[in-house]
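Coordinates in review
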Amino acid sequence: LMVPVFAGPQLIVGPFYGLAGFSREDADRVNAHFESLSTGRDLNKELLIAVTALIPSERLATTGGDAHLNVGIKTIVIYQGSNSELNSELLLKLTAVGTLEWTRGREKPHNAERNFDCETEKHEVETWLANNGRSLDDAIKLCLDILAKQVNDALSRNPPTSEA
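Residues numbered from 1 in each chain as written. Predicted model: local features only at pLDDT ≥ 70, side-chain atom pairs only at ≥ 80, totals over all residues. Heavy atoms only, no water.

Quick look at the overall build of the chain now. Across its full length, the chain carries three helices and six strands. Helices (α) and strands (β) of the chain occur, in sequence order from the N terminus, as β-β-α-α-β-β-β-β-α. Working note: accessible area of the chain is about 9,100 Å², and carbon and sulfur atoms make up 50% of it. (Helix = DSSP H or I, 4+ residues; strand = E, 2+ residues; numbered from the N terminus. Areas by Shrake-Rupley, 256 points an atom, 1.4 Å probe, with all protein chains shown as cover.)

Taken as a whole and assessed by the stated rule, the structure comprises one disulfide. With its sulfur 2.2 Å from that of its partner, Cys118 forms a disulfide with Cys143. Around the S-S axis, the bridge from Cys118 to Cys143 shows a dihedral of about -70° and counts as left-handed. Of this pair, Cys118 sits in strand 5 (residues 110–119) while Cys143 sits in helix 3 (residues 125–157), and the two are 25 residues apart along the sequence. Note on accessibility: Cys118 and Cys143 belong to one class, buried. (Disulfide = S-S within 2.5 Å. Buried < 20%, exposed > 50% of the residue type's maximum accessible area, 1.4 Å probe, protein only.)

As far as function goes, none of this settles anything; it's purely spatial.
Below, the structure is given as structure tokens:
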């Protein structure tokens, strides 16, 4: 049985300054919205809930268990992307880290760690921040769901075994 827990990786929110095609005012507005994330939402808890919802109940335990899954948001950034054509559109990227530790009949625990990424489509700053950042909040929620699915898929493909 697996016990999902929050690992607590430090959430790193990248500042949004110095990008071509953006005013200081736009940068300040985006940064203000990101700063509000640390007080208004618990993205790590939201991710944990999303991951736990996807794991079959017969594989879950609330305490004990012979495997512990630690998940959390590692970084959240908004940036112009990697193509050479700079414009005024931005994309959002969330990176989660998952660590699975298991014993399964062994004295020493084994562990495996993996990063999971989600990038959104590009949008103008005005689109991201319209309606008090609703589009940005929706994109974060969508990425959390995508990250949770990636974690679950990784667990389904490579479940911990006593041979590993």
